[in-house]
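# Understanding the architecture of this molecule
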Amino acid sequence: MSVLPLDAADDVATEPVPPAQRRRGLPYFLRRPGGLFGAVWLVFMLAASLTASLWRPYEVAEQDLANRLALPSGAHLLGTDPLGRDLLSRIFSAGAEPLLAAAVTVLVAFGIGLPLALIAAERGRRVERVISRVTEVFLALPATILLLAVIGVIGVRTFIIMAILGVLISAAVYRVMLGVAQSVRQRLYVDAARVNGLGSLRVNLVHVLPSMATVVAVQAAQLYGIGLLIVAGLAFLGFGPAEPAPSWGFMIQDASSYVFNAPWLLVPTGLVLALTVVAANELADAIAGKASIARTPTRRKRPLARAIAAARGDAAPADPAAILEVRDLDVSVDDGPALVTGVSFTLRPGRVLGLVGESGCGKTMTARSLMGLLPDGVSVSGGSILWQGRELVALPDKELTAIRGREIAMISQEPMVALDPMFSIAYQLVQPLRRIRGAGKAEARTIAAELLRQVGIVDAERVLKSYPHELSGGMAQRVAIALALTGEPKLLIADEPTTALDVTVQAEILSLLRALVRDTGLSVVIVSHDLGVVADICDDVAVMYAGAVVEDGSAVAVLDEPAHPYTMALLGANPHVPDGEPVPERLASIPGTVPPPGSWPTGCRFAGRCQFVQEKCTVPFPALPAHGAGSVLCVRVDEIARAGATWEADDIGAEVAPGAGLTAEPIATEPAATAGGIR
Amino acid sequence: MLGYVARRLAMAVGTVLAAVVISFLLVHISDSTPGAVRLGPGATEAQIAAENEVLGWNRPLVVQFFDYLGDLVRGDLGTSLIDGRSIGADLADRVPVTASIALFATLLSGVVGVCIGVTAAVRGGRVSRFLMTGSGVALSLPAFWVGVLLVYVLAIQTGLFPATGYVEFATDPAGWATSLAIPVLTLTVGGAAIIARTANAGMREALAQEHIRTLRAMGTPEWRIRYVHALRFASLPVVSVLGIQFIALFGGSVIIENLFALPGLGQAGQFAAASSDIPALIGVVVVATVVVVITNLLLDLLVAALDPKVRTA
C-alpha cells in the first residue's frame, strides 16, 4: 500500500476552463473516453455496492458447499470462494466500506490541507513558513507504519483510521494547493477584488477557490484512488472487517492462498478493485486534460513542399551576387491557414537585412523557415529558399542539420533561456567547436575563450566556468552570439536579439553585431519590431504585414521615404525624436490589430486599418517596383505619393494609444511630421 | 550551502522527534495498557495494575517520554511486551531486508520507467498513447494483487523463482537474489509506471525548452539533443520522484512482506499492531522515520548536486 506521490500541480492547468469547452451538454472531462469510463464506473460501483443487500443473489455468508471454488456459472455469475460463497454477492457487499472510507480520507485531507493553503497564501511569508515547516515534518513521517501503530492502539476501526490517514496526507495536499493558491493570488483580478474591498473570506470563496477547482478535482480523484488501495491493503493484512463479513483486501488474501489450485478466485475481486482505482485515476487525468497534451503530432511531413522542390531542383539565383534568395515563400499550418505568403527578398554577403512589422506578421516564421526550424505542425508550403545556389526547401533534415551551425546560425530573443541551464558555458561552447571545427579538447577551450573575447567579454575564463543562471541578460546574449560563431557561419539569423534587454545593453549588442559584420563579412537577417534597430544596423529592410512583405528596399530609402501606408504608420508611431527635430504634438497610432492568419481580407490585408483605404483596395493587385530594386504592395501608392500624404495622428488614435494591443509596438527613429491626409 | 545542510539536519532531527511524540501520545491516549497486553486476556484488574506499576506506566508522561528519549539516544529501543526480545536487535536484522527490496525496486523502476517515459516522449503519437495509458493502468493496480498474479505466472506456471520465503544473503547469495525477485518485480510494476509518467512529462517539458531550439539551430545531432541535453534536464524531477518512491516503498513494504513472508520491518509492524505490542510499535515507527529522514537528506544533497542553480549558490 505504498502511498503514491500526488502528481505535482504544475502538470495541471490552473486556468479556469475556457468557456468554449464549458458549453452545454457534458462537462469537458466526460467527453474523453477515460473520463467517461471513470465517472460511469465509479457511479455504478457506488450505486451497486450501496444497494447490494437489495439485489444480491445470495447472502454474504451463505455457503454452497457442493460448489466450492466454482468457476462462473449460471448459479454463481462470478464463481464461488473456498467455502462456496457467491463472489458476486460478496464483492458488491464489500464495496461500500472502501468506497466510503476512501472518501473520508479525501474529505479530511482537503478539509485540512486546503484551508491551510489558502491561509498561508493570504497571510504572507511568515505564516506560510511556519505552516510549511510543520507540514514538511508530517510529509517525512512514514504514513503506512504510523497507521499500523494507530491500529495497534485503537484496533480496527476503518473509518477512524482512514480519517487519520487523511490528516497525514493533508500535508501533501497543502503543499500542492499552496503553489496553486499562490499563483492564483498573483493574478491581477484577485488584487482588484481586494482593492475593491471584498473581505478575505469572500475573496477566497469567490475568486481563489473557483480557479483552483480543476486542480482540487484532479488531486481529489487521485487521492481517492490511493485511499481505495490503502483500505484494501489494510484488509489484506487482516485489518478489515472480520469474517464472515467480506472485504476486497481479505478476499484477495484468501485467493492468494488458493492460487495453486484455484487461480480464478484472484480475478473477479482483483479486477473490480483495479478497475475502480483505474477509474479514479482516469477521471483525474481527464479533468487535468492530460489526454490532449498526450496527443503529439507524429513525425513532420512536408509532402507539398517536397513536391515543389522535386519539380524545380537547384537553380541559379536571379541575382548572381546573392548569398540567400527567398522567392514566393509560403509557410502554413498543416491542413490550416497560411502564416506567410509570397515573401521574397535577397541578401548579399556582408549585408544586414531587417524584417520588421508588428507581432503576428510572420517575421519569425519567415526567419525560422530559413533554417528549417519551424514549430511542429507548421511547414513551408511553397516557394524557394536558395542558399548559396542550394535549395533549402524540403531538404531532408539530415542535410539541413549539416548546414545549421556551420553555414547558418541563429540567436534568439530570450538569451537567458537560449542556453542550457544544466551545462557550463565552457561545455556548451566546446562541444560544437569539437564537432564542427574538429578541434581537440584543449584547443576548443582556447578557441572558446577567444570567441568570448571577440564578443566583448573581458573575463572570458570566469564566464567559461559559469552556468547560464549566473549571467546577466546582456552577457548571456554575448555568449549566445559566441555560440553562434563557433561554426564560423556565413549567415546569422537574429530573431529580436535585443528585445528582452535593457536599452543600454541593446545598444552594446547592436554595435557588437555591427562590428562582427564589418570584421568577418557575416551576413545577417535581423527580425525586429523596433524601427530604431533597423535604422541603426540594417542595409536593407523588408516591412511585413499579415504574412506578406508590403514594402522593401534599402533601409535609407524605406525609412526616409516610406511609400506604403503601413510603413508610414509604423514610423508615425515612433516616440523617439532625434536631436534638433521638433517633438510632434501627439503620436500616431494604428487602430485595430493585425488580423490573425485565416482571416486576412482579399486585396490589401492592411485595408481594414488604413487611413487611405478605398474601394479598389479590396481587389487583389500585384506589387510595384519601388526604392530601386525594392517593391511596394499598395494600389494607391502613386496617389498617396503625389498628394505628399503622411500617416496622421488622429484623436481616436491618441486616446487609444496607451491601451493594450491597439497600438503598433514599433519605435522608429524617424520623426513623424503631421500633414493632411487624402481621405 | 552550509546553512542549507544545517537547516536540513535540523529538519531531520525535528521529524524524528515528531515521530516519537506522535507515537507516544497515540499510545497514551488509548485505553489499552502495556500490563494488559503483556499478561494477556486472562489477567485480573489487580494483576494488570501491578504489572503497569512495574513497567513504569503510571509515572508522569513527561518523565516516561524523556526516559524513552534517553534510551533512544543510547540506541536502546526497549523490549517486546510479547516475548521479551530486544526490539533494537530485532529491527536491526529486519531493516536490511526491507531496505534491499525497496532499493532494488526503486532502481529497477528508475531504469524501466525512464526507458518507457523517454520512449513515449520521443516517439510521440500512437506509441506514446499506448505506453502512457499502460502506465496509468499499471500504477492503479494493487501491489498485493499484482504480487499474487506474478507468483502464479513466475513461480507456479514457469517455476522461475520461489513463490515465497526469504534466504539470508550470507547463507546463499543466489538464493537470496531469487527470493527477492518476485517481490521486487511486484513493486516495480507500479513504481516504473510512476517514474514513466514523471520522465515523460519531464522529457516533454525539456524538449519544448528554448535552449533545445538553440541546440537544433547549431546542428547538434538529434541523439545528443535527446539523450544528453533533454534527459539531463528531465533528470531533476525523476530523481526527486525516485526518492519519494523509495520512501513510499520502504514504508509500504508491509503488504509485500506479508504476501511473500519476508522478515522485514513492515512484517514487524504488522505483528506489533496485531498484538498491540506498544514498545515494538514505537520502535518500528522511529526506525522507519530515521530511514526516511536519512533518505530525504541524501536526496536533497543529490538534487543539489544535479542542479547547477543549487550547486553554485
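Residues numbered from 1 in each chain as written. Chains lettered and ligands numbered in written order. Predicted model: local features only at pLDDT ≥ 70, side-chain atom pairs only at ≥ 80, totals over all residues. Heavy atoms only, no water.

Where an unreviewed UniProt entry is consulted, chain B appears under the name Peptide/nickel transport system permease protein, with the organism given as Blastococcus haudaquaticus. You can read under Subcellular location (unreviewed entry) in the UniProt record for chain B the words "Cell membrane". You can read under Sequence similarities (unreviewed entry) in the UniProt record for chain B the words "Belongs to the binding-protein-dependent transport system permease family." (UniProt positions renumbered as here; feature names shortened; annotations may be inferred.)

For chain A, the name recorded in an unreviewed UniProt entry is Peptide/nickel transport system permease protein, with Blastococcus haudaquaticus as its organism.

A few words now on the overall build of chain B. For chain B, the count of helices and strands is 14 helices and zero strands. For chain B, the C-alpha atoms occupy an extent of roughly 85 × 55 × 35 Å along the three principal directions. Relative to its 313 residues, chain B shows a buried fraction of 53%. Counted over contacts in chain B with a minimum sequence separation of 6, partners at least 24 positions apart contribute 71%. Seen as two clouds, the 19 positive and the 19 negative side-chain charges of chain B have centres 22 Å apart. (Helix = DSSP H or I, 4+ residues; strand = E, 2+ residues; numbered from the N terminus. Buried < 20%, exposed > 50% of the residue type's maximum accessible area, 1.4 Å probe, protein only. Contact = heavy atoms within 4.5 Å. Lys, Arg positive; Asp, Glu negative; His and termini not counted. Charge placed at Lys NZ, Arg CZ, Asp CG, Glu CD.)

A few words now on the packing of helix 4 (residues 87–123) of chain A against helix 9 (residues 200–236) of chain A. Residue and element names in this part refer to chain A. Look at helix 4 against helix 9: their axes get within 8 Å of each other, and the N-to-C directions meet at 145 degrees. Helix 4 and helix 9 meet at a crossing whose hand is right-handed. A per-class count over the contact of helix 4 with helix 9 returns 19 nonpolar, four polar and two charged. (Axes fitted to C-alpha atoms, helices over the stretch in contact; angles between N-to-C directions. Left-handed = near helix turned anticlockwise from the far one by under 90°. Nonpolar A, V, L, I, M, F, W, Y, C, P; charged D, E, K, R; others polar.)

Take the domain arrangement of chain B next. All names here are of chain B. In terms of domain boundaries, chain B breaks down into domain 1 (2–73) and domain 2 (90–306). Summarising the inter-unit geometry, the C-alpha centres of domain 1 and domain 2 are found 33 Å apart. Contacts between the two partners involve 17 residues from domain 1, matched on the other side by 13 residues from domain 2. Between domain 1 and domain 2, the buried area comes to about 1300 Å², and carbon and sulfur atoms account for 82% of it. Where domain 1 meets domain 2, there are one salt bridge. Residues R8 and D300 are paired through a salt bridge, measuring 2.8 Å at the closest nitrogen-oxygen approach. Applying the counting rule to domain 1 against domain 2 returns one residue pair in polar contact (both at pLDDT 80 or more). Counting residues per element, the ones that place at least two in the side of domain 1 that touches domain 2 are helix 1 (2–29), helix 2 (34–39) and helix 4 (61–73). The element contributing the most residues to the side of domain 1 that touches domain 2 is helix 1, with twelve residues. (Domains from an automatic or database assignment. Buried area = accessible area lost by both parts, 1.4 Å probe. Salt bridge = Lys/Arg side-chain N within 4 Å of Asp/Glu carboxyl O. Polar contact = N/O pair within 3.5 Å; in protein donor to acceptor, adjacent residues only side chain to side chain.)

Let us look at the UniProt feature "domain: ABC transporter" (unreviewed entry) in chain A. UniProt records the feature "domain: ABC transporter" (unreviewed entry) at residues 324–571 of chain A, using the numbering of this structure. Across residues 324–571 of chain A, helical content stands at 41% and strand content at 26%; the span's end C-alpha atoms are separated by 28 Å.

For the rest of this paragraph, the subject is the side chain of D81 of chain A. Residue and element names in this part refer to chain A. Mapped onto the secondary structure, D81 falls in the loop between helix 3 (52–55) and helix 4. Under the relative-accessibility criterion, D81 is labelled buried at 4%. Within polar-contact distance, the side chain of D81 engages the backbone nitrogen of R85 at 2.8 Å. The contacts of D81, once residues within four sequence positions are left out, are R68, L69, L87, R90 and L265.

Moving on: the interface of chain A and chain B. Between chain A and chain B, the contact holds 78 residues from the first and 74 residues from the second. Taken together, the two surfaces of chain A and chain B that pack against each other cover about 6800 Å², and 70% of this comes from carbon and sulfur. Our count for the chain A to chain B interface comes out at one salt bridge. Residue D285 of chain A pairs with R197 of chain B through a salt bridge whose shortest N-O separation is 3.1 Å. At the junction of chain A and chain B, the tally comes to 14 residue pairs in polar contact (both at pLDDT 80 or more).

With that settled, consider the packing of aromatic side chains. Throughout the structure, instances matching the rule amount to 16 aromatic pairs over all chains. Each ring, one from F24 of chain B and one from F65 of chain B, has its centre 5.4 Å from the other, and the planes form 85 degrees; the classification is edge-to-face. With a gap of 41 residues between them, F24 of chain B in helix 1 and F65 of chain B in helix 4 connect regions that are remote in the sequence. Between F169 of chain B and W176 of chain B the ring centres are 4.9 Å apart and the planes differ by 80 degrees, which places this aromatic pair in the edge-to-face class. W176 of chain B gets classed as buried once you look at its relative accessible area, which sits at 15%. Each residue in the set F37, W41, F44, W55 and F92 of chain A is aromatic and connected to the rest through ring pairs, giving one cluster. (Phe/Tyr/Trp six-rings, centres within 6.5 Å; stacked < 30°, edge-to-face > 60°.)

What follows deals with the nonpolar core. Looking at soluble globular proteins, one finds that nonpolar side chains tend to be buried together. Judged by nonpolar contacts, the single largest core of 138 residues is most densely connected at F110, M177, M212 and Y224 of chain A together with Y68 and L91 of chain B. When residues are assigned to domains, this core turns out to be shared by domain 1 (2–73) and domain 2 (90–306) of chain B, each giving three or more. Grouped together as the second largest cluster of nonpolar side chains are 121 residues, F345, M410 and A448 of chain A together with M218 of chain B included. (Core = buried A, V, L, I, M, F, W, Y, C linked by side-chain atoms within 4.5 Å.)

Let us now look at the sheet that holds strand 8 (residues 523–528) of chain A. All names here are of chain A. Read from one edge of the open sheet, eight strands run 6-7-8-3-9-10-12-11, paired in mixed fashion. One side of each edge strand has no neighbouring strand; the edge strands of this open sheet are strand 6 (408–411) and strand 11 (624–626). The average angle at which neighbouring strand axes cross in this sheet is 25 degrees, direction not considered. The sheet contact formed by strand 3 (residues 352–356) and strand 8 spans five bridges and is parallel. (Pairing = 2+ DSSP bridges.)

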